Amino acid sequence: MTGSPASSLASDRTRRERGGGAARRGDREAGRNASARRGWRAEVAWLVLSTALACGAVAMLAQSDRAWLLFYDGDSVLPTLVAGSLQSGQAQDWIFSPVLFFPELAVYLAVGALGLGIHPTILIVAVVNLLLVSACLRLAVRIVLPDLSPPVQVAGSLLGFGTLAVFVCLDRTRSHNDLELASLVTTSTYYASTVVALLVTLALVAALADAEGRRVVVLAVVLGLLAAGAVLVNPLYALWSVAPVVAAAGTLVLAGREHLRRAAGIAASLIVGCAAGLLGRVPFSGLTGGTAQTYLHSTPWRAIRFYGGRVLQRLAGTSGWIAVALYAACLASVVALLLWSRRTGRPAALALSATVVATLVITPAWNLTGVNLAARYLQPILFATLPVAACVAALALARIDGVLARALPLTAGVTAVGVLAASGLAVASAARTAMVDDSVDCVVEWVDASGRAGAGTFWTIRPIKAYLVDPSRLVQVRTDFRPHAWLVNSSDYDVPVSFVVTTTGEKPSIPDALATGPSVTIDCGRYTITDYAPRTYTVTVSR
């Protein structure tokens, strides 16, 4: 029995609606899959291009005079000394500075376990450190501008990271105390982990400013844990990150741009985390050296003269002027994001830009109040601007979303091949020039062959000590021949020394037990070895 015409029409209509609904669901599913593929391609492009940029920057660094900072600087060689001490089977009784360097040492020892040698290990660690910064910039853009597509976010973060890579390439001098801040993060002892913690803090604060519900609690806990870990490693985090965040939060509350409860929660997370980190340092007190007085021996006038002189020195060359122009663009991006966030009512962008402004004010202020004069303390004024620059770049690129989605994968492939090939050639060339120091090699060969222990001052012997088969063969002393227990394994001491290594113009006070009698002088370029054998002198240290 057939149905009526009306019922047949209704049935056909139902089937068409169901078919149309299925088709729409299929279209939505296909759209989601396409979006997911687009996102993954963008992230792969980010990783490839970030690696290429990092390798290129490090290769340029290794070819310049700045290579000394990577391979031979007295502070930078600390991880190499730790690794050499472990490999030689020496008892471990280290005295660090107030900074514990746990994250940096972990990265270095992990890379060193590959057995590639000291120079390749240092270069890989430098690349890893830069990639961590790039990851922080990617995180910040994703949090602050979640409505932008992944290709646009990736392109913005890459432009921010590319800015850092250019800064690194513009750093050309040997001194760690020049205003060449970007390349300091490539080392393992100029607070690389604290720089990363600063950048992650900026991203988390931005996320908290825009979070709702349970996500607020989760982010606050993560921020507190980050603060605890960062302060445990380096108390300087309190000045680099906590003080600017608290100041920015208070300012936004007073300006009516932030709720008091949320601002108080952010500040409380950081302050409680800092307190926990300071308590966590107590079990490691035996590893730390120095006191507050170690760092509080300057005056504002001395600081102004010191940093003013460094600025003039930086502007003495073309690279300095390029760096200043690039930094001016970074500062302009901070102003741009601050104004854009106020106009559009974006709390995450406002929190990020306001915190960076606070960092730009607070960091120079406390550096002028009598702390130890060191360029590394100014790193926040550079690195804090990079997430903002990345966000502004992403906003500018949002208009060419489609072009970026198509261009990123191809650009990643071509750029990676070109930059990695050029980096390989640059490092190979550097291995024959800047990476090999003939004066250091001369002393290393003599000391290893002697089978005896000698002594020298901190900045003189550490570039040599790091490359010895047994680092304990050189004992670190002051110019008056007292022990200098700083960033050193105290197991080095209490051994008889029979020679002294000095550098040009250095005249340490030689103990009478060594100085009385004939000696032999060995010339090693910038270094001089004075051999007093068979006479010896024992340098002792109290713990």
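Computed from a predicted structure; not experimentally measured.

Asks: Could you clarify how one ought to interpret the overall build of the chain in this entry?
Replies: Each helix and strand in the chain was counted, giving 20 helices and nine strands. Each of the 543 residues in the chain was classed as buried or not, and the buried ones make up 50%. Restricting to contacts in the chain with at least 6 residues of sequence separation, those with at least 24 account for 76%. For the chain, the computed accessible surface area is about 23,800 Å², with 65% contributed by carbon and sulfur atoms.

Asks: Quick question: what am I supposed to make of helix α16 (residues 385–397) here?
Replies: Residues lying three or four places apart along an α-helix face the same way, a consequence of the helix completing one turn every 3.6 residues. Its 13 residues give α16 an end-to-end C-alpha distance of 18 Å, which sits within 8% of 18 Å, the value for a rise of 1.5 Å per residue. In terms of residue burial, α16 counts as a mostly covered element, since ten of its 13 residues are buried. Among the residues of α16, those classed as buried are Thr385, Leu386, Pro387, Val388, Ala389, Ala390, Cys391, Ala393, Ala394 and Leu397.

Asks: Looking at this structure, how should I read the nonpolar core?
Replies: Among soluble globular proteins, nonpolar side chains are generally buried collectively. Ranked by internal contacts, the top residues of the largest apolar core, which has 136 residues, are Phe71, Leu130, Leu164, Leu352, Ile464 and Val501. Top element by residues in this core is helix α7 (residues 192–209). It accounts for 14 residues. Apart from the residues within four sequence positions on either side, Leu130 is in contact with Ala54, Ala57, Val58, Phe161, Leu164, Val168, Val185 and Thr186. Ala453, Phe481, Val488 and Tyr493 belong to the second largest nonpolar core, which has twelve residues in total.

Asks: What is the right way to look at the state of the cysteines in this model?
Replies: By definition, a disulfide links two cysteine residues through a covalent bond between their sulfur atoms. According to the stated counting rule, one finds one disulfide in the structure shown. Covalent S-S linkage joins Cys442 and Cys524, the inter-sulfur distance amounting to 2.0 Å. With the S-S dihedral at roughly -60 degrees, the linkage between Cys442 and Cys524 falls on the left-handed side. Taken together, the positions of Cys442 in helix α18 (residues 438–450) and Cys524 in strand β7 (residues 520–524) put the pair 82 residues apart, joining distant regions of the chain.

Asks: Just checking my understanding: could you explain the confidence of the model for the chain for this structure?
Replies: Any segment with low pLDDT has predicted coordinates that should not be analysed in fine detail. On average, residues of the chain score 88 in pLDDT, and 85% of them are at 70 or above. Counting contacts from residues 430–434, a segment whose pLDDT is below 50, to residues more than four positions away or on other chains yields nine contacts.

Asks: In this structure, what is going on with the packing of helix α6 (residues 150–170) against α16? I would like to understand it.
Replies: A pair of packed helices is captured by two measures, namely the crossing angle of their axes and the spacing between those axes. Taken N-terminus to C-terminus, the directions of α6 and α16 make an angle of 135 degrees; their axes are 7 Å apart at the nearest point. As far as their axial angle goes, α16 and α6 are oblique. For the crossing formed where α6 meets α16, the hand is right-handed. For the pair α6 and α16, the contacting residues are Val152, Ala155, Gly156, Ser157, Leu159, Gly160, Thr163 and Leu164 in the first and Leu386, Ala390, Ala393, Ala394 and Leu397 in the second.

Asks: Where do I start with the packing of helix α8 (residues 214–233) against helix α10 (residues 260–280) in this structure?
Replies: Where α8 meets α10, the closest approach of the two axes is 7 Å, and the angle between their N-to-C directions is 35 degrees. In terms of crossing hand, the pair formed by α8 and α10 is right-handed. Every residue of α10 that contacts α8 at Val216, Ala220, Leu223, Gly224, Ala227, Ala228, Val231 and Leu232 is listed here: Arg262, Ile266, Ser269, Leu270, Gly273, Cys274, Ala276, Gly277, Leu278 and Gly280. Its residues assigned to classes, the contact of α8 with α10 comprises twelve nonpolar, five polar and one charged.

Asks: For this particular structure, what's the right way to read the side chain of Thr385?
Replies: Among the secondary structure elements, Thr385 is positioned in helix α16. Setting aside residues up to four positions removed in sequence, Thr385 forms contacts with Tyr327, Cys330, Leu331, Ser333, Val334, Val356 and Leu360.

Asks: What is the right way to look at the environment of Leu278 in this model?
Replies: Of note, Leu278 is situated in helix α10. Separated by 50 residues in sequence, Leu278 and Ala228 have C-alpha atoms that sit 7.6 Å apart.

Asks: Before we go on, may I ask you to explain the pairing of β7 in this structure?
Replies: Taken residue by residue, a regular strand's side chains alternate between the two faces of the sheet. Here β7 runs beside strand β8 (residues 527–531); their pairing, made up of five bridges, is antiparallel. Pairing of Thr521 across the sheet is with Thr530, part of β8. The hairpin formed by β7 and β8 contains two residues between the paired strands, and Gly525 there has a positive phi angle of roughly 65 degrees.

Asks: Could you clarify how one ought to interpret the pairing of β8 in this entry?
Replies: Burial analysis of β8 places four of its five residues in the buried class, which makes it a mostly covered element. Sheet topology note: the strand β6 (residues 499–503)/β8 ladder contains five bridges and is antiparallel. Residue pairing for β8: Thr502 is matched across the bridge by Thr528.

Asks: Quick question: what am I supposed to make of the sheet that holds β8 here?
Replies: Adjacent strands of a sheet pair through backbone hydrogen bonds, lying either parallel or antiparallel. The strand order β3-β2-β6-β8-β7 describes an open sheet built from five strands, whose pairing is mixed. Looking at strand neighbours, the two that pair on one side only are β3 (474–477) and β7, the edges of this open sheet. Direction aside, the axes of adjacent strands within the sheet are offset by 25 degrees on average. With four bridges joining them, strand β2 (residues 454–457) and β3 adopt parallel strand pairing.

Asks: How do you make sense of the side chain of Thr460 when you look at a structure like this?
Replies: Locating Thr460 in the fold gives a position in helix α19 (residues 458–465). Reaching out from Thr460, the side chain makes a polar contact with the side chain of Glu506 at a distance of 2.9 Å. Setting aside chain neighbours within four positions, we find Thr460 in contact with Val501, Thr502, Thr503, Glu506 and Tyr527.

Asks: Which parts of the structure should I look at to understand a nonpolar patch on the surface?
Replies: Together, Leu114, Leu116 and Ile124 line one region of the surface with nonpolar side chains, adding up to about 260 Å² of accessible area. Along the chain, the position of Leu114 falls in the loop between α4 (102–112) and α5 (118–144). In this structure Leu114 comes out as exposed when scored by relative accessible area, which is 56%.

Asks: Hey, could you run me through the pattern of salt bridges in this one?
Replies: When charged atoms on two side chains of opposite charge get close, those side chains can pair. Counted under the stated rule, the structure contains twelve salt bridges. The shortest N-O distance in the salt bridge between Asp492 and Lys465 comes to 2.7 Å. Taken as a pair, Asp492 in the loop between β4 (488–489) and β5 (496–497) and Lys465 in helix α19 lie far apart in primary sequence, 27 residues in all. Across the pair, exposure class does not vary: Asp492 and Lys465 are buried alike. A single network of salt bridges, built from pairs that share partners, joins Arg66, Asp171, Glu180 and Arg314.

Analysis parameters
- Residues numbered from 1 in each chain as written.
- Predicted model: local features only at pLDDT ≥ 70, side-chain atom pairs only at ≥ 80, totals over all residues.
- Heavy atoms only, no water.
- Helix = DSSP H or I, 4+ residues; strand = E, 2+ residues; numbered from the N terminus.
- Buried < 20%, exposed > 50% of the residue type's maximum accessible area, 1.4 Å probe, protein only.
- Contact = heavy atoms within 4.5 Å.
- Areas by Shrake-Rupley, 256 points an atom, 1.4 Å probe, with all protein chains shown as cover.
- Expected span 1.5 Å × (residues − 1).
- Core = buried A, V, L, I, M, F, W, Y, C linked by side-chain atoms within 4.5 Å.
- Disulfide = S-S within 2.5 Å.
- pLDDT = per-residue confidence, 0-100.
- Axes fitted to C-alpha atoms, helices over the stretch in contact; angles between N-to-C directions.
- Parallel < 35°, antiparallel > 145°, perpendicular 65-115°, else oblique.
- Left-handed = near helix turned anticlockwise from the far one by under 90°.
- Nonpolar A, V, L, I, M, F, W, Y, C, P; charged D, E, K, R; others polar.
- Pairing = 2+ DSSP bridges.
- Polar contact = N/O pair within 3.5 Å; in protein donor to acceptor, adjacent residues only side chain to side chain.
- Patch = residues over 30% accessible without salt bridge, like charges linked within 9 Å, V, L, I, M, F, W, Y side chains within 5 Å.
- Salt bridge = Lys/Arg side-chain N within 4 Å of Asp/Glu carboxyl O.

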